[in-house]
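One-letter residues, chain by chain:
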Amino acid sequence: MHQMVALVISRLLVGLWVVMSWGCQSSDSASPAPVQIEATDNTRQVKQVAITLDDGPIMRFFSHPTQWHRTLVIDSLTNALARYQAPTTLFAIGGLVQGEEPAAQEGAALLRYWMEKGIPIANHTMSHTNFNELSLGQGIDEITEANEVLKPFAQEYNQTLKYFRFPFLAEGQTFEKKDAWNKMIVSLGLTNARVTMSNRDWDFDKRYMDAELAEEWELRYEIGQEYMAHMRETMAFWDSLAVDLTGRNIKHVLLLHANRINRDYLGQILFELSGQGYEFISLEEAYTDPIYSEPDEWFSENGTSFLEHIKQTRLKNAPPPAEADSSGGDDSQGEEP
Ligand SMILES: [Zn+2]
């Protein structure tokens, strides 16, 4: 409540200063300059979002007919990011870039292709298995082995691995596993790369792929339009929840995948975000927001935004409502709604 009052007062003061300074400039330029009231970080109205791409080097690798098609995905995504000067982080799957087989060799070449374009990589496990299905030891292996595989790539390009993201945003179904995995992540010098804007781009991508491979262009177009409507709706929803939870604009992290549908629509997504006033920031900058330090004591079967985790944790820990005066009441009279 205090936060809200402070927010309203700060906004009024900022508004007052704008009116005052306009008045001074137009009527009397010799007047002393008005005292500037700096908006604190809590009241800043700038919208910010960090873009992240999962399942590098590219999602559904084998569905792309040729190496040219696979490279096109990376070119299109990085061109769109460059156009909007949007920093991004690529979460790569270790198993796709390790080994002597031709596919792994090409995977490694594609990962280097991203890095040559200046994109930092991060750890997205070895096999991309859902951690809800893994034993504690298997999960630890997934995290550490991927780090060993990806570290030489990072060093080759003077990068440091900084982030880890759970596949499907699933962190196991027990506190014991979740704590152990998160401790392992921290011990490797990594940050659990939480997401505030989640969505179902991977689901649309599957249908988009099927339409494309079947050369059903009208259907592919329709799926693209549905996808954009879905993205508009989900991004607005999570932003609204963030404001509900914090009373301010937070530094968002948007989860997307390095896939076919974003090959064709990332530019439009960035255009629309930019039109809504969003600034594009790095993941490092996003995680300076205190929202990411909020306790998370909630599990979800299907991965979702960290904002939902915060909301459910707060609801779980909220004190029960004060009991109504029950001295004269008779509970047996009450009816279930
Ligand atoms: Zn993934």
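Quick caveat: nothing in here was measured; it's all calculated off a predicted structure.

### Some details on the overall build of the protein
Along its length, the protein carries ten helices and seven strands. Within the protein, contacts between residues separated by at least 24 positions form 79% of all contacts whose residues are at least 6 apart in sequence.

### Concerning the packing of helix α2 (residues 67-83) against helix α3 (residues 102-116)
Relative orientation of the contacting elements α2 and α3 amounts to 30°, with a least axis distance of 10 Å. Here α2 lies roughly parallel to α3, going by the angle between them. Note that α2 runs across α3; the crossing there is right-handed. From α2, Gln67, Arg70, Thr71 and Ile74 reach across to α3, where they touch Glu106, Leu110, Tyr113 and Trp114.

### Observations concerning the confidence of the model for the protein
Residues with a pLDDT of 70 or more make up 82% of the protein, whose mean pLDDT is 87. The low-confidence segment residues 1-39, where pLDDT is below 50, has 21 contacts with residues more than four positions distant or belonging to other chains. Below pLDDT 50 for its whole length, residues 326-337 participates in zero contacts with residues either more than four positions away or in separate chains.

### Examining the environment of Thr246
Within the secondary structure, Thr246 is located in helix α7 (residues 217-246). Residue classification places Thr246 among the partly exposed residues on the basis of 18 C-beta atoms within 10 Å. It is 8.1 Å that separates the C-alpha atoms of Thr246 and Ile291, two residues lying 45 residues apart in sequence.

### Considerations on the nonpolar core
Among the nonpolar cores identified, the biggest contains 73 residues, and Leu90 and Ile121 are the most heavily contacted of them. If we ignore the near neighbours within four places in the chain, the residues touching Leu90 are Leu53, Gly56, Trp114, Ile119, Ile121, Ala122 and Ala258.

### Here's the deal with helix α5 (residues 175-187)
In an α-helix, one full turn covers 3.6 residues, which means residues spaced three or four apart are oriented alike. An ideal rise of 1.5 Å per residue puts 18 Å on 13 residues; α5 measures up with 18 Å between its terminal C-alpha atoms. Among the residues making up α5, those that are buried are Lys178, Trp181 and Ile185. An end-on view of α5 places all buried positions within 75° of arc, on one side of the element. Seen from the open side of α5, the exposed residues pointing more than 90 degrees away from its buried face are Phe175, Glu176, Lys183, Val186 and Ser187. Buried residues belonging to α5 abut α4 (136-156), β4 (163-164) and β5 (191-192). A positive phi of about 80° marks Gly189, the residue just after α5.

### A short note on unusual backbone geometry
In this structure, Pro57 follows Gly56 across a cis peptide bond, with omega equal to 5°. Examined against the element boundaries, Pro57 turns out to sit in the loop between β1 (47-56) and α2. Of note in the backbone geometry, His128 takes a positive phi value of approximately 60° without being a glycine. Relative to the helices and strands, His128 is located in the loop between β3 (121-123) and α4. Of note in this structure, Glu215 is not a glycine but carries a positive phi near 55°.

### A few points about the environment of Lys178
Structurally, Lys178 is set in helix α5. Classification of Lys178 by C-beta neighbours within 10 Å gives buried; the count is 21. Considering only alpha carbons, one finds Lys178 and Glu297, 119 residues apart in sequence, at a separation of 9.9 Å. In this view, Lys178 contacts Glu171 and Gly172; residues no more than four positions away in its chain are not counted.

### Notes on helix α6 (residues 201-213)
Between its terminal C-alpha atoms α6 stretches 18 Å, which fits the 18 Å expected from 13 residues at 1.5 Å a residue. Where the residues of α6 are buried, they touch α7, β6 (251-257) and α8 (260-275). Among the residues trailing α6, Glu215 stands out with phi positive, at a value near 55°.

### Examining the pairing of β6
Extensive coverage of β6 is indicated by the burial of seven of its seven residues. Pairing between β1 and β6: seven bridges, direction parallel. Paired with Asp54 across the two strands is His257, which belongs to β6.

### What to know about the packing of α7 against α8
Where α7 meets α8, the axes come as close as 11 Å, and the angle between the chain directions of the two elements is 40°. Comparing their axes, α8 and α7 come out oblique. Relative to α8, the crossing made by α7 is right-handed. In contact with Gly224, Tyr227, Met228, Met231 and Arg232 of α7, α8 contributes Ile261, Asp264, Tyr265, Gln268, Ile269 and Glu272.

### Quick notes on the pairing of strand β2 (residues 88-92)
In terms of burial, β2 is a largely internal element, five of the five residues being buried. Neither face of β2 is left uncovered, since the one carrying Thr88, Leu90 and Ala92 and the one carrying Thr89 and Phe91 both have all their residues buried. As defined by bridge partners, β1 adjoins β2 across five bridges and the pair is classed as parallel. Bridge pairing in β2 places Ile51 opposite Thr88. Taken together, β1, α2 and β2 form a β-α-β motif whose crossover is right-handed.

The rules behind each value
Throughout this document, residue positions are counted from 1 along each chain, in the order its sequence is written. Per-residue local features of the predicted model are confined to residues with pLDDT of at least 70, and side-chain atom pairs are confined, for both listing and counting, to 80 or more; whole-chain, interface and lining totals are unaffected and use all residues. Starting at the N terminus, helices and strands are each numbered in turn, a helix being any DSSP run of H or I of at least four residues and a strand any DSSP run of E of at least two. Each residue gets a C-beta atom placed from its backbone, and two residues are in contact if those atoms lie within 7 Å. Fitted lines through C-alpha atoms give the axes, limited to the stretch in contact for helices. The angle between two N-to-C directions lies from 0 to 180 degrees. Oblique is the label for any angle not under 35 degrees, not over 145, and not in the 65 to 115 range, which are roughly parallel, roughly antiparallel and roughly perpendicular in turn. Crossings are assigned a handedness: left-handed for a near helix turned anticlockwise from the far helix by less than a right angle, right-handed for a clockwise turn. Known as pLDDT, the predictor's confidence for each residue is given on a scale from 0 to 100. Counting other C-beta atoms within 10 Å of a residue's C-beta gives its exposure: the residue is buried at 20 or more, exposed at 12 or fewer, and partly exposed in between, where C-beta atoms are placed from the backbone. What we call a nonpolar core is a set of buried Ala, Val, Leu, Ile, Met, Phe, Trp, Tyr and Cys residues whose membership is set by joining through C-beta atoms within 7 Å. The span you would expect from a helix comes to 1.5 Å times its residue count less one. Directions pointing from the helix axis toward each C-beta atom define the arc. Strand pairing follows a simple DSSP-based rule, namely that at least 2 bridges must link the two strands. Assignment of crossover handedness uses the view with strands pointing away from the viewer, where a clockwise path from the first strand over the helix to the second indicates a right-handed crossover.

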